[in-house]
Amino acid sequence: MGFLVLRELVVVWCILLILLCCSIEISFGSTTRHFKWDVEYMFWSPDCQESVVMGINGQFPGPTIRAQAGDTIFVQLINKLHTEGVVIHWHGIRQLGTPWADGTASISQCAINPGETFDYRFKVDKAGTYIYHGHFGMQRSSGLYGSLIVEVGEGEKEPFHYDDEFNLLLSDWWHQSVHDQEVGLSSKPFRWIGEPQTLLINGRGQFNCSLSAHFSNTSTNACTLRGDEQCAPQVLRVLPNRTYRLRIASITALASLNLAVGNHKMVVVEADGNYVQPFEVEDMDIYSGESYSVLLTTNQDQSKNYWISVGVRGRKPQTPQALTLLNYSPTSQSKLPILPPPITPTWNDYDHSKSFSNKIFALMGSPKPPKNPDRRIILLNTQNYIDGYIKWAINNISLLLPSTPYLGSIKYSLRTAFDNKNPPENFANDYDVMKPPINPNSSNGNGVYMLGLNSTVDIILQNANALAVNVSEIHPWHLHGHNFWVLGYGEGKFSAKKDEKKFNLRNPPLRNTVVIFPFGWTALRFVADNPGVWAFHCHIEPHLHMGMGVVFAQGVEHVNDIPDQALACGLTGKRFMKKTKQN
């Protein structure tokens, strides 16, 4: 009897020890996962060339968070940068009831100053593949990012089967520091950041060398992979005749990408945390801010290995493909694949890109959009000049964020904290989107689109010619705090009369990030059902830095318990200081 009691005590002690080590707190069926993160600069070699990167707890990329739907994430973030603030945005997490935890400097919170701590506490309500990243200045380009994986809740099942999974976080890397890049983008004459030196898979890449040459040892351009494993590729070691889930997310600062696995097809099953009707592809485009899950079956010759390749799309590539291996067990990973790496489609083959986007439909049984919108906002993307500086603008206004976060200034009616004039909801009817602007001049602004709570809003993203003739770029747009339905894509200038009838209201995919193609338009619909203030912007880092974004607000009067930490700057900071002195 004593032995049984002792054994039960040992079991209980082991469980408590596991919970303590993992910093997991369980109560009434819900789990709170605790993390303590130090953010600081450090030396690292992402592509075998030493650089300064922004890391978390001495890691690059940052730690991967894994949780179950319904869990609460608690991250205590300590800013150990010496001279700059920091925030973290939890990309794709809707922040229902916690808009101050969205992690957008000057929108949902103040930047966390050097030496200060901020507590992020929020619920992950939906299973899926997500990311997190810096959202202050261009810190995402410095390497402040990582993966956030939310698995289905207890007792729930995915609508597809797989035996195991891998996580592929895709990014691009420059040798020029982000601070230098920011100065160049804000200079006259303008200095563009140029194309990335390297593409990274899970933070690892090889600069100025051929990974295939390294494995074959047949070229002088072979990689010398460091022993510290900072840039050595993470090989995907698989068993034959299994199905693997590849969770793929792009956190690039600039590059649109294409991913392929040599001699293997992939079945797309998830996009931005939403299930889609499965469809098979040989390669897939992925834009900054997007995430997918694909199923890959290892049904090829198990005595061989195969290349996984990632290449640049949408811009004339000056960056080599990123490569790693799909390594069939028990074959040695040093065995070079017989087939060369898959060839990335031509960078400007937009028909190929559109074909992929047009195959994405919501899984049967997914929520459908309301039939009609309450409001339509048309957003024209243009490149402009402001006092001779090159900027990006939306409806001729380039976003310049205020010093006081919108969430606090709207909540407490601080009228002078930002421009109270309503930003334009359309552009001039005679504007020719196929040509450079006749008047290229623009102005800065920080007005807010005030949306009715629970109203249905249509957004038409309209692309146009940039300042140079015959130049129109790809722009992936990301909406904070919501998912939206992608109703359709089109060529040229949007016309309600002829284009509305093409909208897909039957099974449009739910997304949080979507692309607009050159000289085209993309139509979205969402329900403004999440009280707070939310960014909507191009996810290309230098484009946002140059003003390509807008801000939506809805039901802010219903937001309660905003932490003082989020408001202690600008006019809200002065308000609290005054209140403290009075008390």
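Nothing here was measured: the structure is a model prediction, and the numbers come from that model.

Check the secondary structure of the chain and you find eight helices and 33 strands. Here the C-alpha coordinates of the chain stretch approximately 70 × 65 × 50 Å along the principal axes. Within the chain, counting contacts between residues at least 6 apart in sequence, those at least 24 apart form 78% of the total. For the chain, the accessible area works out to roughly 24,900 Å², and carbon and sulfur atoms hold 52% of it. For the chain, the separation between the mean place of its 49 positive charges and that of its 51 negative charges on side chains is 4 Å.

Enumeration over the complete set of coordinates arrives at 23 salt bridges. Lysine 354 is the salt-bridge partner of glutamate 491, the closest N and O atoms lying 2.8 Å from each other. On the criterion of sequence distance, the pair formed by glutamate 491 in strand 28 (residues 484-491) and lysine 354 in helix 4 (residues 350-357) is long-range, its members being 137 residues apart. Taking relative accessible area as the criterion, lysine 354 reaches 16% and is therefore assigned buried. A salt bridge links aspartate 499 to lysine 498, with the shortest nitrogen-to-oxygen separation between them at 3.4 Å. Judged by its relative accessible area of 42%, lysine 498 is partly exposed. Residues joined by salt bridges that share partners form a network here, namely Arg66, Glu151, Glu165 and Arg247.

With that settled, the discussion passes to the nonpolar core. Ranked by internal contacts, the top residues of the largest apolar core, which has 46 residues, are Trp90, Tyr120, Tyr406 and Val533. Those residues in contact with tyrosine 120 that lie beyond four places of it in its chain are Ile73, Phe74, Val75, Leu77, Val87, Ile88, Trp90, Ala101, Gly103, Gln109 and Ile112.

Here we come to the UniProt feature "domain: Plastocyanin-like" (unreviewed entry) in the chain. Here the UniProt feature "domain: Plastocyanin-like" (unreviewed entry) sits at residues 39-151, 165-330 and 435-555. Counted over residues 39-151, helix gives 0% and strand 43%. Its end C-alpha atoms are 26 Å apart.

Before going further, it helps to examine the state of the cysteines. Following the criterion strictly, the structure yields two disulfides and no others. Residue pairing for cysteine 48: its cysteine sulfur links by disulfide to cysteine 231, the two sulfurs lying 2.1 Å apart. Handedness here is read from the sign of the S-S torsion; for cysteine 48 and cysteine 231, about 95°, the answer is right-handed. Residue cysteine 48 is located in the loop between strand 2 (30-44) and strand 3 (51-56), and its partner cysteine 231 is located in the loop between helix 3 (211-216) and strand 12 (236-238); the two are separated by 183 residues in the primary sequence. Residue classification places cysteine 48 among the buried positions, given a relative accessible area of 18%. Given the relative accessible area of 0%, cysteine 231 is considered buried.

A separate point is the sheet that holds strand 14 (residues 256-261). The strand order across the open sheet built from five strands is 12-20-19-14-17, with neighbouring strands paired in mixed fashion. Looking at which strands have only one partner, the edges of the open sheet turn out to be strand 12 and strand 17 (283-286). Geometrically, the sheet is characterised by an average inter-axis angle of 20° between neighbouring strands, direction not taken into account. When strand 12 meets strand 20 (residues 322-328), the two strands line up parallel, connected through three bridges. Bridge pairing links valine 238 to tyrosine 328 in strand 20. Its contacts with the sheet place helix 4 against strand 14, strand 17 and strand 19 (305-313), and it is angled at close to 90° to strand 17.

Regular strands show a simple pattern: their side chains alternate between the two faces of the sheet. With eight bridges connecting them, strand 2 and strand 5 (residues 72-79) associate as parallel partners. Bridge pairing in strand 5 places tryptophan 37 opposite leucine 77. The loop that links strand 2 with its antiparallel partner strand 3 comprises six residues; one of these, cysteine 48, has a positive phi angle of about 75°.

With that settled, the discussion passes to helix 2 (residues 178-185). Taken together, the buried positions of helix 2 are Val178, Gln181, Glu182, Gly184 and Leu185. Taken around the axis of helix 2, the buried residues stretch over an arc of 160°, which confines them to a single face. Tucked into the core, helix 2 has its buried residues touching strand 22 (389-394) and helix 7 (541-545).

This part covers the pairing of strand 10 (residues 164-173). Taking burial as the measure, the 10 residues of strand 10 include eight buried ones, the bulk of the element. Pairing of strand 10 with strand 11 (residues 198-201), which is carried by four bridges, proceeds in the antiparallel orientation. Residue pairing across strands places tryptophan 173 opposite threonine 198, the latter belonging to strand 11.

Read from one edge of the open sheet, six strands run 11-10-13-18-15-16, paired in mixed fashion. The open sheet has two edge strands with one neighbour each: strand 11 and strand 16 (274-281). Direction aside, the axes of adjacent strands within the sheet are offset by 25° on average.

This next bit is on the packing of aromatic side chains. We describe a pair of aromatic rings using the distance from one ring centre to the other and the angle between the two ring planes. According to the stated counting rule, one finds 27 aromatic pairs in the structure shown. Consider the rings of phenylalanine 60 and tryptophan 173, whose centres lie 5.8 Å apart with planes at 50°: the pair is tilted. Separated by 113 residues along the polypeptide, phenylalanine 60 in the loop between strand 3 and strand 4 (65-68) and tryptophan 173 in strand 10 bring together distant segments of the chain. By the burial criterion, phenylalanine 60 is buried, and tryptophan 173 matches it. Seen in terms of ring centroids, tyrosine 489 and phenylalanine 517 are 5.9 Å apart; in terms of plane orientation they differ by 55°. Their pairing is tilted. In this pair, tyrosine 489 is assigned in strand 28 and phenylalanine 517 in the loop between strand 30 (513-516) and strand 31 (520-527), connecting sequence segments 28 residues apart.

Once that is clear, we can look at the confidence of the model for the chain. Detailed reading of the predicted coordinates is not advisable wherever pLDDT is low. Of the residues in the chain, 90% reach a pLDDT of 70 or more, and the chain-wide mean stands at 92. Taken as a whole, residues 1-22 scores under 50 in pLDDT and shows three contacts with residues more than four places along the chain or in a different chain.

Between phenylalanine 60 and proline 61 the backbone carries a cis peptide bond, its omega angle lying at -15°. Note on placement: proline 61 falls in the loop between strand 3 and strand 4. The phi dihedral of serine 413 falls on the positive side, at around 55°, and the residue is not glycine. Turning to its location among the elements, serine 413 is positioned in the loop between helix 5 (406-411) and strand 24 (443-445). What makes serine 413 partly exposed here is its relative accessible area of 42%. The backbone phi angle of asparagine 454 is positive, close to 70°, even though this residue is not glycine. The topology assignment puts asparagine 454 in the loop between strand 25 (449-451) and strand 26 (456-462).

Calculation criteria
- The residue numbering used here restarts from 1 in each chain and proceeds along that chain's sequence as written.
- Per-residue local features are limited, in this predicted model, to residues with pLDDT of at least 70; the limit for side-chain atom pairs, both in listing and counting, is 80 or more; totals at the level of whole chains, interfaces and linings are taken over all residues.
- Computation of side-chain values: all heavy atoms of the structure, hydrogens and water removed.
- Note on conventions: DSSP H or I runs of at least 4 residues are helices, E runs of at least 2 residues are strands, and numbering of each starts at the N terminus.
- Residue contacts are defined here by distance: any two heavy atoms, one from each residue, within 4.5 Å place the two residues in contact.
- Surface exposure here means Shrake-Rupley accessible area, sampled with a 1.4 Å probe, where a residue is shielded only by the protein chains that are shown.
- We count Lys and Arg on the positive side and Asp and Glu on the negative side, and we leave His and both chain ends out.
- Lysine's charge is taken at NZ, arginine's at CZ, aspartate's at CG and glutamate's at CD.
- A pairing counts as a salt bridge when a side-chain nitrogen of Lys or Arg comes within 4 Å of a carboxyl oxygen of Asp or Glu.
- When a residue's accessible area, from a 1.4 Å probe over protein chains only, is under 20% of the maximum for its type it is buried; when over 50% it is exposed; and in between it is partly exposed.
- Residues enter a nonpolar core if they are buried and are Ala, Val, Leu, Ile, Met, Phe, Trp, Tyr or Cys, with the set joined through side-chain atoms within 4.5 Å.
- UniProt positions are given in the numbering used here, feature names are shortened, and annotations may be inferred rather than shown by experiment.
- The rule for a disulfide is simple: a pair of cysteine sulfur atoms within 2.5 Å.
- Strands were regarded as paired on the criterion that DSSP finds at least two bridges between them.
- Axis geometry follows a simple rule: fit a line to the C-alpha atoms, using only the stretch in contact for helices, then measure angles between N-to-C directions, giving values from 0 to 180 degrees.
- Arc definition: directions from the helix axis to the C-beta atoms.
- Only Phe, Tyr and Trp rings take part, Trp by its six-membered ring, and two of them pair if their centres are within 6.5 Å. Stacked means planes under 30 degrees apart, edge-to-face means over 60, and tilted covers everything else.
- Residue-level confidence of the predictor is summarised by pLDDT, bounded by 0 at the bottom and 100 at the top.

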